[in-house]
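Observations on the model geometry
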Amino acid sequence: MPSRRRTLLKVIILGDSGVGKTSLMNQYVNKKFSNQYKATIGADFLTKEVQFEDRLFTLQIWDTAGQERFQSLGVAFYRGADCCVLVYDVNSMKSFDNLNNWREEFLIQASPSDPENFPFVLIGNKVDVDGGNSRVVSEKKAKAWCASKGNIPYFETSAKEGTNVEEAFQCIAKNALKSGEEEELYLPDTIDVGTSNQQRSTGCEC
Amino acid sequence: MATSDSSSSPSSSSSGTEFADPNPSTDPETNSERVQSQLESMNLSQPSEVSDGSTRTDYSGGDDQDEVASANGNEGGVINGGLVHEVVAGASGGEEIDASLRAENPVEMEAGEEPPSPTSSGYDGERGSSGGATSTYKADDASEDEIREANVDGDTASQHEAAWLPGKRHVDEDDASISWRKRKKHFFILSNSGKPIYSRYGDEHKLAGFSATLQAIISFVENGGDRVNLVKAGKHQVVFLVKGPIYLVCISCTDETYEYLRGQLDLLYGQMILILTKSIDRCFEKNAKFDMTPLLGGTEAVFSSLVHSFSWNPATFLHAYTCLPLPYALRQATGTVLQEICASGVLFSLLLCKHKVVSLAGAQKASLHPDDLLLLSNFVMSSESFRTSESFSPICLPRYNSQAFLHAYVHFFDDDTYVILLTTRSDAFHHLKDCRIRLEAVLLKSNILSVVQRSIAEGGMRVEDLPIDRRRRSSTTDQGQDTVGPEVSVGTGGPFGIWHFMYRSIYLDQYISSELSPPVTSHRQQKSLFRAYQKLYASMHDKGLGPHKTQYRRDENYTLLCWVTPDFELYAAFDPLADKAMAIKTCNQVCQRVKDVENEVFLQGASPFSW
């Protein structure tokens, strides 16, 4: 093979509507922020190349819509995810309370092979708002939740100011990569003369 | 279907052995013009239809006739689109997005319009690493594209086929590149989790967002218990094929039929199975995030060569194979050795010259599907490493057994001629090598390899060589009908303006195609002729319209004749001004000529080859 193997990682971003999923992604990929709120419809797709320990890989980021009416898209969107990012707004208790629902819904719909160890990352966004005065979810509370779910890594970010965004995504990439590491050998069957005729009769398509 | 002139039965006087005027009473041209204008008016209503029906589905039965028919009505090969992306992006969000897109970009689907600005909806596919360039498509862009396409294809006779080199093109492009968007035909393979596996143009990783969009569309429709087969957007057709966990998509504005594009996706899938077997399905069952690309490492040339063959190799739509013309005795002698090899426990033994068969044999009861043969020869021909030494490689024949590997021994005797020995035993290398040595001895002794080389140099049947001389033309034709056709066509093609023909023997699963000769010489002209044939083929085999036996069709480029009998199918292209009666007569003569030389152009009495 001419070039080094590249890995593609599928990352799903979930959370209530308006917590800043799209803004986080835009800050990370495009280094841009807009104060104007535009609801995501269905899902947005972005890609970003990342270098990690001298390996190059591509993040395929699925920025989903937070509105409930899009929840039916779940199965189609979550299948084969390498990492799931849960986002809440530190100024909204409801968005924090809903994290359990998002996490459970994801595990049901994506049905990963090892749900206990599936890599999640939690992001508490909008820490910049009102200088932190309108904050209702404490860091302690968030960390306690993370600990109860199998030590999910936690980041507090401001998509507006770009605080901690890069770090959060570095961690996301690292965790997604870890989960994709163990791959088995590809060993298909070879035809053995005894069974070939029998299989052929079912495999024939004409 | 735009069948201008077809009949379900041959003319009353003939019993199928003579090709008679299929429809002597009506004027095909007026008829076809009427159909044409009908189709064009249908096209006008397409854009809006697509924008609110982006998740619209077609069932593979007869329901998509309209779609296909209107595809046929699209005239002209110039694209100025690049809009497919927007169309596609709009689809995945379901009805809500459709509404918003309609409001913001009411004429979005019109080819040549400016695409919606990247900020106009939460759904544009242009942001991300690809930079968010807003690209405007103008009419003059199209002509630039034409020029570039011409350079790529090679517009001179000497360049066709030989000048084409396998391998991936334009790897630096992604879905934000104007050049990428203007490519006439894209092929994508992706997993059902949206991870890219193959893209004809551009870098798979840079297209990860686009790939995700395609998956979202397919999965969204699947979620509703439905299936998306075709989306039409202006001149673009987006054809989907779902094979378990593998999704295949073709986006094309080449005006090919839906059936053939779908057939191309089928072959593309088959090529992948040939390399990996259907065991890949199990990998996805075990691990939905399975990334297939590493397993296909180094096979890009195989896929690009297959895609290229869609525009020049009739086997891709005739589902038949072709033989190198050879003296009967030599082919028989080769066949005997190959048969002996099979008797020693080899499943299939084939001697091929490029994509043509010199001879082949199979073990008792084992039969090889022409599609498998196509994919196998494409794989061997396009993989450089087979040429350097004798090789032993696992290979799967998708039509024979898609679940498991066979083992292929491959050896090139010269640049073009090679032997493939297929076995079920993984320890058979030395035995196969001995078989090859035995075969080589026979080939050398009877000088077959140099005869093969001479046959390549001489080429196959030519329309110019059809045994209809000028004396006969002027003396025996009746009613002076030859005064128009032949005079016009002097100097180009064969008698009475015949330019090309293909004859497919149904029982043998083989076809013979005449060599390209003026005026059809460049790759571009060849492609255009083949696309005309493909449409003809599709319309003759359309299940919804019942079986047809003859078809006569004339447009500004060709006069096309097709004749289907239980024994053979004949496709012939004439000068557009060719005389109908003379054309029919010529077709009869072509059939006679093929019968005269059938022992040289077909492999006779091979091991049972039909199913």
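Just so it is clear, the structure is predicted and the values come from calculations on it, not from any experiment.

1. Quick notes on the overall build of chain A
Secondary structure summary: chain A contains 7 helices and 7 strands in total. Helices (α) and strands (β) of chain A occur, in sequence order from the N terminus, as β-α-β-β-α-β-α-α-β-α-β-α-β-α. The burial tally for chain A puts 52% of its 206 residues in the buried class. Long-range contacts, defined as pairs at least 24 residues apart, comprise 72% of the intrachain contacts of chain A with a sequence gap of at least 6. Counting every atom, chain A has about 9900 Å² of accessible surface; 48% of that belongs to carbon and sulfur.

2. Comments concerning the side chain of Ser393(B)
Residue and element names in this part refer to chain B. Checked against the element boundaries, Ser393 lands in strand β9 (residues 391–395). Judged by relative accessible area, which is 14%, Ser393 ranks as buried. If we skip the residues at most four places from it in the chain, Ser393 touches Phe386, Leu406, His407 and Ala408.

3. Some details on the confidence of the model for chain A
As a note on interpretation, predicted positions should not be read in detail where pLDDT is low. On average, residues of chain A score 81 in pLDDT, and 83% of them reach the 70 mark or higher. Residue range residues 194–206 of chain A is modelled with pLDDT below 50. Its contacts to residues more than four positions away, or to other chains, number 15 contacts.

4. What about the environment of Ser514(B)?
All names here are of chain B. Here Ser514 lies in the loop between β13 (510–513) and α20 (523–540). Sequence spacing of Ser514 and Gly459 is 55 residues, and the spatial spacing of their C-alpha atoms is 8.9 Å. When neighbours within four sequence positions are excluded, Ser514 is seen to be in contact with Met461, Val463, His500 and Phe501.

5. Looking at α20(B)
In this model α20(B) runs 25 Å from its N-terminal to its C-terminal C-alpha over 18 residues, within 8% of the 26 Å that 1.5 Å per residue would give. Of all 18 residues making up α20(B), 15 are buried, and the element is well covered by its neighbours.

6. Some details on the packing of aromatic side chains
Residue and element names in this part refer to chain B. Evaluated as defined, the whole model comprises 30 aromatic pairs over all chains. Between Tyr198 and Phe303, the ring centres sit 5.0 Å apart and the planes meet at 35 degrees, which makes this aromatic pair tilted. Of this pair, Tyr198 sits in strand β3 (residues 196–199) while Phe303 is found in helix α11 (residues 300–309), placing the two residues 105 residues apart along the sequence. Each member of the pair, Tyr198 as well as Phe303, carries the same accessibility label: buried. Aromatic side chains Phe317 and Tyr537 sit 5.8 Å apart centroid to centroid with 75 degrees between the ring planes, which places their arrangement in the edge-to-face category. One end of the pair, Phe317, is in helix α12 (residues 315–318); the other, Tyr537, is in helix α20, and 220 residues separate them in sequence.

7. Here we look at the packing of helix α9 (residues 258–276) of chain B against α11(B)
Residue and element names in this part refer to chain B. Axis separation between α9 and α11 bottoms out at 10 Å; the angle between their running directions is 150 degrees. Between α9 and α11, the angle is such that the two are roughly antiparallel. Remark: the crossing between α9 and α11 carries right-handed chirality. Between α9 and α11, the contacting residues are Leu267, Leu268, Gln271, Met272 and Ile275 on the first element and Val302, Phe303, Leu306 and Val307 on the second. Of the residues belonging to the contact of α9 with α11, the class tally is 8 nonpolar, 1 polar and no charged.

8. A short note on helix α4 (residues 99–110) of chain A
With 12 residues, α4(A) extends 16 Å between its outermost C-alpha atoms, agreeing within 8% with the 16 Å of an ideal straight helix rising 1.5 Å per residue. Every buried residue of α4(A) is accounted for by Leu99(A), Trp102(A), Arg103(A), Phe106(A), Leu107(A), Gln109(A) and Ala110(A).

9. Here's the deal with unusual backbone geometry
The peptide bond linking Pro518(B) to Pro519(B) adopts the cis configuration, its omega dihedral lying at 5 degrees. Along the polypeptide, Pro519(B) turns up in the loop between β13 and α20. For Lys126(A), which is not glycine, the phi torsion reads 65 degrees and is therefore positive. Mapped onto the fold, Lys126(A) is located in the loop between β5 (120–125) and α5 (139–148). In this structure, Thr277(B) is a non-glycine residue whose phi angle is positive, near 65 degrees. Secondary-structure assignment places Thr277(B) in the loop between α9 and α10 (280–286). Thr277(B) gets classed as buried once you look at its relative accessible area, which sits at 0%.

What counts and what doesn't
Each chain carries its own residue numbering, running from 1 in the direction its sequence is written. Chain letters start at A and ligand numbers start at 1, both assigned in the order the entries are written. Note on the predicted model: pLDDT of at least 70 is required for a residue's local features to be given, and 80 or more for side-chain atom pairs to be given and counted; whole-chain, interface and lining totals, by contrast, use all residues. Heavy atoms throughout the structure, all of them, feed into the side-chain values; hydrogens and water do not. Secondary structure elements follow DSSP: runs of H or I of four or more residues count as helices, runs of E of two or more count as strands, with numbering from the N terminus. When a residue's accessible area, from a 1.4 Å probe over protein chains only, is under 20% of the maximum for its type it is buried; when over 50% it is exposed; and in between it is partly exposed. Whether two residues touch is decided by their heavy atoms; if any such pair falls within 4.5 Å, the residues are in contact. Only the protein chains shown count as cover for residues, and the accessible areas themselves come from Shrake-Rupley with a 1.4 Å probe. Confidence of the predictor in every single residue is expressed as pLDDT, which spans 0 to 100. By this rule the span expected of a helix is its residue count minus one, scaled by 1.5 Å. Each aromatic pair joins two rings of Phe, Tyr and Trp (for Trp, the six-membered one) with centres within 6.5 Å, and gets the label stacked for planes under 30 degrees apart, edge-to-face for over 60, and tilted for any other angle. Helix axes use the C-alpha atoms of the stretch in contact, all axes being lines fitted to C-alpha atoms, and the angles between their N-to-C directions lie in the range 0 to 180 degrees. When an angle is under 35 degrees it counts as roughly parallel; over 145 it counts as roughly antiparallel; between 65 and 115 it counts as roughly perpendicular; any other value is oblique. For a crossing to be left-handed, the near helix must be turned anticlockwise from the far one by less than a right angle; the clockwise case is right-handed. Gly falls in the polar group here, along with every residue not listed as nonpolar (Ala, Val, Leu, Ile, Met, Phe, Trp, Tyr, Cys, Pro) or charged (Asp, Glu, Lys, Arg).

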